[in-house]
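# Survey of secondary and tertiary structure
For reference, the chains in residue letters:
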Amino acid sequence: MTTPRQPSGSGSGSGSGSGRRQPPRAGAARPAAGRGQPAKGQSAARGQAAKPQAPKGQPAKPQPAKAQPVRSQSAKAQPAKSAAVGRTPRAPQQRRPEGRPPARSQAAVRPRPKSRLPQRPRPLKLAEPKRRLRVITVALSLVFSVFAGRLVQLQLVDADALAADANTNRYQNIPITAERGSIMSSDGVALAATVDAYDITADPAMFTPAATGIPDAPEQAAALLSPIIGVAKDRIAADLHTPRTRYKRLASQQTPAAKNQISDLKSSLEKQAGSRACQAQKKLLGKPADQGGRTRVDNECANPLAGVFNRETQKRIYPADGLAANLVGFVNGEGEGAGGLELQYQKQLAGKDGHSSYAQAGGRLVPTAGGSMDPAVPGSDVKLTINRDVQWAAQRAITDQVANSGAEKGYVVVQDVKTGQVIAMASAPGFNPNDLSLSKQSQMGNPALVDAYEPGSTAKLMSLAAVLDSGKANWDTRVTVPNRLVRAGQQFKDDVEHGDWYLTLAGVLAKSSNIGTIEAVETLGDGDQLKANQILDGYMRKFGVARPTGLNFPGETPGMLKKPEDLVASEKYNISFGQGPLQMNALQATSVYSTIANGGVRVAPSIVQGITGPDGKYTATPPGEQTRVVSEETAKTLTSMLESVVDDEQGTGGKAAIPGYRVAGKTGTANRGAADGKGYDGYTASFIGFAPADAPRYTVSCTLQGPVNGHFGGQLCGPVFKQVMEFTLKTMQVPPSGSQAPNLPVEWKP
């Protein structure tokens, strides 16, 4: 008898038939609500095979469950378990998608073929690695190609231009001024020297609003610097308003005190601008207003001196102030020679400037950025023939006499008769090259070499030298001198009114007679005045008239001597006593007397003893060129005749006598040419002589231009000669004369 089939999901359990309820395994789906029946339209629970029904009256035979993948939160498929006796667990209900037919009942589900594997989730398919690598490689290649092209442009194509621009903005190119050589006296003491000083410089590119954060940095810097360096504020501001220029010199040759004052002020401003509050302001520069940006910083946070620097240089000083200033000269604001020997020897004194380059950032040196330096070559030292002590005595004497006589100016020259070296050359009024603002332009020259004047009676020495050396007369040749002498329709006279004078040729020189000199020169031509003037012209030129002295001093005049054939009317006669178409400078006139003192041999004057180069090698100046002008016998005769000028009671140079020394000299009083070149205005007073006359060593000349308190050379310049010559002889330790003057007769009785 068959057992009636129990409906699925009845209270009796299926599976093992044990009658006990089996609790569901962990992770199995919870049965749906409703007992013994599966949800309508829902297939058998996934993961549990459909159970065949047992015949009636027989217990149900358990069936093995098929493994099915369960789409649930658990990733593992669980085998089906027998439900508890009398209860069938309900399959979990799943929401049916809209539009799909209801699932068939569990009994109607046809079991799948055993050979068909359950479907697994499709794995995620990754991109092909090779294709990805190719894409990345191409992209990187393009990027690197751009970089490489730019690199080639920067390093090869535009390298030079970019490097130049970078160096322009980064590197400071600073000239290095060579140390200027010294000008020294004969004993090695500096008359012009160089000391440390500082140029105040600036980088205008560091004064722009972008660099400083303030719009008026040049004006603020100018206000701070002007009282320190003594330059107008407008000028400083104008220099700083040139941002395309990386170097400007605001002031030169400033003292160490001024440099230190600027450095301290700059450090104080830099410290203040480096505070946290100021740094915060600087970070906001250029940012948008909604981000708290600023267009400028407060004045307290700006350092307008950040672009100001100092460069070590030199300053020219003159330790003796105005001593020999008219000879030594001066330098201009650029430190270059502008007058005198400073100008003449500019190339030797200046040396060769150098150059340095260094990197800077924010006005500070970058020590690791490299640089370059071309060192400067210092200038040479120039050693003069000037004796400081004699120069001082000459300058004091002529300065005092210019003041006492009311003269426009005056000069004294002292020369060694053997070597031609100038021992002193003093002018008055002088100037102080340490402060040129206190002097007039007319005082800065050297009139002893620059002025050309008519020498007057001192030139009579050349006329009588020509007469004696030509053998036309001797010292004792008798000359009758009337009060007036008519030549070329003009009357000539002497300085004083007199009756007929009966003079020897020595007396003509001693009494400085113009008429007697004309008569003596006429003998040179034997009645032919042109011939006489030609002979006289030859001697004068051998004495150095109308020829450069050889010093090559700036502005030096060669003088003037009109050719004999060009002389007209009275010029043919007054040239013999130093007036008219004859002009000389003071050194030329001095050299004439040194020639006679040297036995008739002229030695070209010199004023530089030697030069010491930057390598320390000393090069002496070659001896002056020597020229025989008159015979030694003529020179001795003229020396004796010149002694009569000083020693004889009738001589005009008695005020030049020096006790213990024999002195030979000549006075000069000449009409002075007017400044406009028309006629005469005032006088030129002079005296030139040498000593000791028995063994000459030095020649001293004194010249006064335009004196008003007297005008005779013997009265005004005789005392100056005595003062300077006496000091020179004692300073140079020249022994006194060992014999008496010959005292040549100056007159004869008819």
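### Remarks on unusual backbone geometry
Excluding glycine, residues mostly have negative phi values, and the peptide bonds linking residues are mostly trans. Pro429 follows Ala428 through a cis peptide bond whose omega is 0 degrees. Looking at the secondary structure, you find Pro429 in the loop between strand 13 (422-428) and helix 12 (447-450). Here the bond from Ala691 into Pro692 is cis, since omega is -15 degrees, no more than 30 degrees from zero. Locating Pro692 in the fold gives a position in the loop between strand 25 (680-691) and strand 26 (698-705). A positive phi angle is found at Ala546, which is not glycine, with a value near 60 degrees. Relative to the elements of secondary structure, Ala546 occurs in the loop between helix 16 (529-542) and strand 18 (560-561). When its relative accessible area of 24% is taken as the criterion, Ala546 is described as partly exposed.

### Re the side chain of His498
As for its placement among the helices and strands, His498 is situated in the loop between strand 16 (490-492) and strand 17 (501-504). A polar contact is formed between the side chain of His498 and the side chain of Asp494, at a distance of 2.8 Å. Beyond its immediate sequence surroundings of up to four residues, His498 is in contact with Val481, Pro482 and Asn483.

### A closer look at helix 15 (residues 514-522)
Taken across its 9 residues, helix 15 has 9 buried, putting it largely inside the fold. For helix 15, every residue scored as buried is listed here: Asn514, Ile515, Gly516, Thr517, Ile518, Glu519, Ala520, Val521 and Glu522. You can read the cap of helix 15 off the contacts: a side-chain oxygen lies 3.0 Å from the backbone nitrogen of Gly516, and it is on Ser513.

### Some points on the side chain of Thr212
You can see Thr212 is positioned in helix 3 (residues 209-212). Classification of Thr212 as buried rests on a relative accessible area of 13%. In this structure the side chain of Thr212 is engaged in a polar contact, spanning 3.0 Å, whose partner is the backbone oxygen of Thr208. Of note is the side chain of Thr212, whose polar atom sits 3.1 Å from the backbone oxygen of Ile214.

### Focus: the pattern of salt bridges
Under the counting rule described, the total for this entry stands at 16 salt bridges. Between Glu334 and Arg249 there is a salt bridge whose closest N-O contact spans 2.3 Å. Highlighted residues: Glu334 in the loop between strand 6 (330-331) and strand 7 (337-339) and Arg249 in strand 4 (residues 248-254), separated in sequence by 85 residues. We classify Arg249 as partly exposed; its relative accessible area is 32%. Glu571 is the salt-bridge partner of Lys562, the closest N and O atoms lying 3.0 Å from each other. Salt bridges here are not isolated pairs; linked through shared partners, they connect Asp199, Arg249, Arg311 and Glu334.

### Topic: a nonpolar patch on the surface
On the surface, a cluster of nonpolar side chains totalling about 600 Å² of accessible area is made up of Ile136, Leu140, Val143, Phe144, Val146 and Phe147. Position of Val146 among the secondary structure elements: in helix 1 (residues 129-157).

### Quick notes on the packing of aromatic side chains
When we look at a pair of aromatic rings, we describe it by the centre distance and by the angle of the planes. Counted under the stated rule, the structure contains 7 aromatic pairs. Taking the centre distance of 6.2 Å and the plane angle of 55 degrees together, the rings of Phe492 and Tyr573 count as tilted. In this pair, Phe492 sits in strand 16 while Tyr573 sits in helix 17 (residues 571-574), placing the two residues 81 residues apart along the sequence. By the ring-pair criterion, three or more aromatic residues cluster together here, those being Phe492, Tyr573 and Phe577. Over the ring of Tyr198 we find Lys259; its NZ or CZ atom is 5.1 Å from the centre of that ring. The positively charged end of Lys542 is found above the aromatic ring belonging to Tyr539, 4.6 Å away from the centroid.

### So, the state of the cysteines
Taken as a whole and assessed by the stated rule, the structure comprises 2 disulfides. Between the sulfur of Cys278 and that of Cys301 lies a disulfide, 2.1 Å long from S to S. On the sign convention where negative means left-handed, the S-S torsion of about -70 degrees between Cys278 and Cys301 marks this disulfide as left-handed. One end of the pair, Cys278, is in helix 7 (residues 276-283); the other, Cys301, is in the loop between helix 7 and strand 5 (308-317), with 23 residues separating them in the sequence. Residues Cys278 and Cys301 agree in their burial class; the two are buried. Sequence-ordered numbering of the disulfide-bonded cysteines in the chain gives the connectivity 1-2, 3-4.

### Let's talk about the confidence of the model for the chain
On average, residues of the chain score 84 in pLDDT, and 80% of them are at 70 or above. Considering only residues more than four positions removed or in separate chains, one finds that residues 1-62, a stretch of pLDDT under 50, has 115 contacts. Within the model, pLDDT remains below 50 along residues 64-88, and this stretch shows 64 contacts once partners closer than five positions in the same chain are excluded.

### Here we look at the environment of Val467
Mapped onto the elements, Val467 comes out in helix 13 (residues 460-469). Linking Val467 and Thr634, residues 167 residues apart in sequence, is a C-alpha distance of 9.7 Å. In contact with Val467, other than residues within four places in its own chain, are Lys472, Ala473, Ala520, Val521, Thr523 and Leu524.

About the cut-offs
- Residues numbered from 1 in each chain as written.
- Predicted model: local features only at pLDDT ≥ 70, side-chain atom pairs only at ≥ 80, totals over all residues.
- Heavy atoms only, no water.
- Helix = DSSP H or I, 4+ residues; strand = E, 2+ residues; numbered from the N terminus.
- Buried < 20%, exposed > 50% of the residue type's maximum accessible area, 1.4 Å probe, protein only.
- Polar contact = N/O pair within 3.5 Å; in protein donor to acceptor, adjacent residues only side chain to side chain.
- Contact = heavy atoms within 4.5 Å.
- Salt bridge = Lys/Arg side-chain N within 4 Å of Asp/Glu carboxyl O.
- Patch = residues over 30% accessible without salt bridge, like charges linked within 9 Å, V, L, I, M, F, W, Y side chains within 5 Å.
- Areas by Shrake-Rupley, 256 points an atom, 1.4 Å probe, with all protein chains shown as cover.
- Phe/Tyr/Trp six-rings, centres within 6.5 Å; stacked < 30°, edge-to-face > 60°.
- Lys NZ or Arg CZ within 6 Å of the ring centre and 35° of its normal.
- Disulfide = S-S within 2.5 Å.
- pLDDT = per-residue confidence, 0-100.

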